[in-house]
Amino acid sequence: MKVAVVGATGMVGQVMLKTLAQRGFQVDELIPVASEKSVGKKVEFNGRQYEIKSLEEAVQSEPNIALFSAGGSISKEWAPKFASVGTTVIDNSSAWRMDEDKKLIVPEINAKSLTVDDKIIANPNCSTIQLVMAMAPLHEMYGMKRLIISTYQSVTGTGVSAVQQMNNERDGVDAEMAYPYPIDKNCLPHCDVFQENGYTKEEMKLVNETRKILNDDSIGITATAVRVPVVGGHSESINVTFEKPFSLTDIRKKYQNTPGIKLQDNPDVNQYPMPRFAEGKDDVFVGRLRVDESFENTLNMWVVADNLRKGAALNAIQIGEYLVENKLFK
């Protein structure tokens, strides 16, 4: 089993390597790939040092699976080249998510749609993954009419430069900034770039990707995405209106029996999800479940997940595990 990790030196790439090792994913030959300036350097995996390869070298190695986390432009150019030699690409960028010919996969929800012919598979946006993990079971039970989402997103979602900006601000260091404004002791209602409709790209990802994953364009969805000075994970305040009446007892039972979901919902002892405790964990944490008393058949909830782990690396690796288990690769 040859596995390439494209973007192996980045934040998500590093978590991918760690998660591959922790989950015992079969890797007989690792092919770490990074930018030209990193070629020849070493990364550690499972106690061994591996030399970073170029994209050209990686394609020539014809890996069985390539995990991409190197940005949309790299994915657009190189994913088809890997696919042309028989490699199955699992891509973490936004490059292929809304392509009609590519599947957008959260394994717990729609992995069964995958076939051996799917050579480029899209990994959803981090904030979308935790949203649909929490919403899919309820959509199945009650049918969602409308979703209103407000996100509180970690600086790690932007990358190393944003974490460095926050740390520089905390240390009083005047240095290059990843954001147009300070992030420490601040909230920026600005995740990704603004679109013509006034929403950011991140906000529209939540709308479009959710509909695609759940295969339902009838759901009304609107979002406001906010960057906050946090490193552990993304948080989401969700207001959802259903087609049918719901029961909080039944919802809690459903979540307690849904793989990948951890219910933390006991206000009496101050139990609720927080990024501080989600960091490094595989689950999506759900809590603050309560009836919206202002609107019929409507529920409020709070959802938290480690955006680098379940929101990126783990989800991609779970797709790989499904491919291996079902022999859906070269």
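Residues numbered from 1 in each chain as written. Predicted model: local features only at pLDDT ≥ 70, side-chain atom pairs only at ≥ 80, totals over all residues. Heavy atoms only, no water.

Novice: Help me understand helix α7 (residues 201–214) in this model?
Specialist: Taking 1.5 Å as the rise per residue, α7 with 14 residues should run 20 Å; its terminal C-alpha atoms sit 20 Å apart, in good agreement. Taken together, the buried positions of α7 are occupied by Glu-202, Glu-203, Lys-205, Leu-206, Val-207, Glu-209, Thr-210, Ile-213 and Leu-214. In the core, the buried residues of α7 are packed alongside α4 (107–110), α5 (126–142), β8 (144–153), β9 (220–227) and β10 (234–242). Backbone geometry just after α7 places Asn-215 at a positive phi near 55°. (Helix = DSSP H or I, 4+ residues; strand = E, 2+ residues; numbered from the N terminus. Expected span 1.5 Å × (residues − 1). Buried < 20%, exposed > 50% of the residue type's maximum accessible area, 1.4 Å probe, protein only. Contact = heavy atoms within 4.5 Å.)

Novice: Would you mind showing me how to read the pattern of salt bridges here?
Specialist: Side-chain pairs of opposite charge can arise where the charged atoms are in close proximity. If you walk through the whole model with that rule in mind, you get 13 salt bridges. A salt bridge links Lys-103 to Asp-118, with the shortest nitrogen-to-oxygen separation between them at 3.0 Å. Here the residue Lys-103 occupies a position in the loop between β6 (88–91) and α4, and Asp-118 occupies one in the loop between α4 and β7 (120–122), the gap between them amounting to 15 residues. Accessibility expressed as a relative area gives 26% for Lys-103, which makes it partly exposed. When its relative accessible area of 10% is taken as the criterion, Asp-118 is described as buried. Two residues, Lys-310 and Glu-108, come together in a salt bridge whose shortest N-O distance is 3.0 Å. (Salt bridge = Lys/Arg side-chain N within 4 Å of Asp/Glu carboxyl O.)

Novice: I would appreciate a short explanation of a nonpolar patch on the surface in the present structure.
Specialist: Taken together, the side chains of Tyr-272, Met-274 and Phe-277 define a hydrophobic patch exposed on the protein surface, amounting to about 270 Å² of accessible area. Within the secondary structure, Phe-277 is located in helix α9 (residues 275–278). Residue classification places Phe-277 among the partly exposed residues on the basis of a relative accessible area of 47%. (Patch = residues over 30% accessible without salt bridge, like charges linked within 9 Å, V, L, I, M, F, W, Y side chains within 5 Å. Areas by Shrake-Rupley, 256 points an atom, 1.4 Å probe, with all protein chains shown as cover.)

Novice: Would you mind showing me how to read unusual backbone geometry here?
Specialist: Leaving glycine out, the prevailing phi sign among residues is negative, and the prevailing peptide bond configuration is trans. Of note, the phi angle at Lys-185 is positive, near 55°, even though the residue is not glycine. Positionally, Lys-185 belongs in the loop between α6 (160–171) and α7. Classification of Lys-185 by relative accessible area gives exposed; the value is 78%. Even without being glycine, Asp-192 reaches a positive phi, approximately 75°. Here Asp-192 falls in the partly exposed class, since its relative accessible area comes to 31%.

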